[in-house]
Amino acid sequence: PPETRATAWEPIRRGPAPLTDAARLCVCDLLVAQCDVNCCCDPDCSAAEFSLFTTCSVPVVTGDSRLCSQKAAVYSLDVEANPPERVMKLIDQVNPSLFCIHATNYKQALSFRPPEMPTSENFDQLLKKFGSATFSAEPDSWGMNSDAPNPSDANETYRYEHGVPIQTVDAFLRLPSPVVSSWCSDANPAGFLVHQATKCTRPVSVEECGSIQAVSMLFYINSSILAVPKSSQMVNITVQSVALQSLNGTQTLLRSSNVLRHPMILDGLCINIVLGVSYHITYTDTGEITEAAASFVLGAIDREALSIRQSFEISFTQVNTNPVPLSGNPGYVAGLPVRAGFKPQGYPFPTAVLLSALSTNRYGQLTILQSTASQDCLMAQEARTPVLFGYDMISGCKLRITAAMKCQPLTQALLDLLKGQSFPEYVASFGNSQAQDVLDWVPIIHLHTSEQGSCQIPVALEIEVKWTKYGSLVNPQARIVNVTATTTATTLKQLPLGRERTIPITTSVVFTDVSSPAEPGYKAWPTINAKLPHDFFFPFV
């Protein structure tokens, strides 16, 4: 019948127009309350920050790529403007695919329909459909006192989860970091269980050092941390240690950290300014913060300084645990410190425990001399730099010798300069070697080369680390197999009275790959374990 044919060819009923506003979408906006680099749709970016962008990481933003036609937000940079500007325009984008969605007969598809507001007429119907006990046309936070307790939250237990910003009484725990440029931004929140280490530059001057909050210790400890989110229990940030750094880079650890040092001007210098902050958070397995400590590095600047370089770090430790920092799992990772240790006195080797491996300061286990701007060995005795796996390094200084110097004290002083106060005895084979696994530790072999003469003074220390690729060809792991420390000595001739001599002192680290050529291995051919009956060849045998 004609009525039937008309019904069969009736066009598919179109659904409601999609309510997604492409101009309000931003898939590259990842950081909270701060500008993402090259994210042209980030609403947190200002015009000054847009002018520093080099490109738009997401040039086109759409609601659903499967639609045949929709609005799209196109972002670009006008580099000819002074300063450069961000340009955004809405266009009608057409999907050329033959399988795009042109129409739909499901009215909820590709749409975000506004909820139906409850009234006295439809309340029972909505209650039966959704099963909810409370309806409101506005968010719960509108028209309510934010300080008043929420009855619905009375029985809800809050806890910190991984990545959640650590809350304080005023906002969140800040970990300054560079955003678009190298300048410090104080809007970077510290995430729970997210170990971070940042470095950034902050403009300062001697005249204004006392008024800049970000260079004062109080700025980083004056706000208490909430033990759990949305709670009234607070955890104060205590000062764990304070180190003073001189203008030439040497650091001195203060015996007492209870005194709060404020920036002040002394003899034309601004002293007690914060150069580094290291937070250490202790938490429970239920996601509650129990302790918070901060270690500071304070320094000084002169009137010629226009900026300082600050470093920030945060680490986490669970209560009743003794974490050991690793340099890989299992193999070493390039750029991480080489782990080293000692054998305690009085312990036999098979049951020895390497005490230094249990130290949380993995950057102070195996070190070499750190070069300074002055190149004076007498001023660089405490300046050490860690040996990083895979990084060949060389450093040194100059020593001025006079006729009054004696051979024996000078020799001992140079050995302490080359090796440091405590040169380790063993090096971990793997980045995660445990202290109790003695077979996973390689002894350091000491070699000496010298010339003929009565007074031999050490002038060079060369550390050679031989490593090999261990495991499968798909994912080889770096393993240290041999470490050699070679000390080179030279003859010191007696100087005439009143004469001086300058000699260079050097330390170096060389990493050598001794891996054998990779050879593919094959499994053995399977053998057939066949047993024949004893009369199988009867009557021939």
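Heads up: these notes are all about the structure in this document. (Residues numbered from 1 in each chain as written. Predicted model: local features only at pLDDT ≥ 70, side-chain atom pairs only at ≥ 80, totals over all residues. Heavy atoms only, no water.)

Let's shift gears to the pattern of salt bridges. Taken as a whole and judged by the stated rule, the model has 4 salt bridges. Of the charged contacts, one joins E207 and R303 as a salt bridge, the two residues approaching to 3.0 Å between their closest N and O atoms. Of this pair, E207 sits in the loop between β6 (196-203) and α4 (218-221) while R303 sits in the loop between β13 (289-301) and β14 (307-318), and the two are 96 residues apart along the sequence. For the pair formed by E207 and R303, the shared burial category is exposed. The closest approach of N and O atoms between E500 and R400, which form a salt bridge, is 4.0 Å. Here the residue E500 occupies a position in strand β23 (residues 500-513), and R400 occupies one in strand β18 (residues 393-402), the gap between them amounting to 100 residues. (Salt bridge = Lys/Arg side-chain N within 4 Å of Asp/Glu carboxyl O. Helix = DSSP H or I, 4+ residues; strand = E, 2+ residues; numbered from the N terminus. Buried < 20%, exposed > 50% of the residue type's maximum accessible area, 1.4 Å probe, protein only.)

Moving on, we come to the state of the cysteines. For the coordinates displayed, the defined rule picks out 9 disulfides. Between the sulfur atoms of C68 and its disulfide mate C100 the distance is 1.9 Å. With the S-S bond torsion at 95 degrees, the cross-link from C68 to C100 turns out right-handed. One end of the pair, C68, is in the loop between β1 (60-62) and β2 (69-78); the other, C100, is in the loop between β3 (85-94) and α3 (123-130), and 32 residues separate them in sequence. Here C68 matches C100 in class, with each residue buried. (Disulfide = S-S within 2.5 Å.)

Looking at the element boundaries, G396 is found in strand β18. Sequence separation between G396 and I368 is 28 residues, and the spatial gap between their C-alpha atoms is 9.3 Å. Setting aside its immediate chain neighbours within four residues, G396 contacts L369, S371, Q375, I505 and T506. (Contact = heavy atoms within 4.5 Å.)

Looking along a regular strand, one sees the side chains alternate between the two faces of the sheet. As judged from the 8 bridges shared by β6 and β14, these two strands associate in the antiparallel manner. Among the inter-strand pairings, T198 is bridged to a residue of β14, identified as F312. (Pairing = 2+ DSSP bridges.)

Now for the side chain of S327. Structurally, S327 can be placed in the loop between β14 and β15 (340-341). Here S327 falls in the buried class, since its relative accessible area comes to 0%. Of the polar contacts made by the side chain of S327, one reaches the backbone oxygen of P337; its length is 2.6 Å. (Polar contact = N/O pair within 3.5 Å; in protein donor to acceptor, adjacent residues only side chain to side chain.)

Together, L532, F536 and F537 make up an exposed nonpolar region whose accessible area comes to about 340 Å². Along the chain, the position of F537 falls in the segment after β23. (Patch = residues over 30% accessible without salt bridge, like charges linked within 9 Å, V, L, I, M, F, W, Y side chains within 5 Å. Areas by Shrake-Rupley, 256 points an atom, 1.4 Å probe, with all protein chains shown as cover.)

Attention now goes to unusual backbone geometry. The omega torsion across N82 and P83 is 0 degrees, close enough to zero to call that bond cis. Of note, the amide linkage connecting N329 to P330 takes the cis form, showing an omega dihedral of 0 degrees. Phi at N38 takes a positive value of approximately 60 degrees, unusual for a residue other than glycine. In this structure, N38 sits in the loop between α1 (2-8) and α2 (47-50). Not every positive phi belongs to a glycine, and Q375 is a case in point at roughly 60 degrees. Of note, Q375 is situated in the loop between β16 (367-369) and β17 (384-386). For Q375, a relative accessible area of 29% translates into the label partly exposed.

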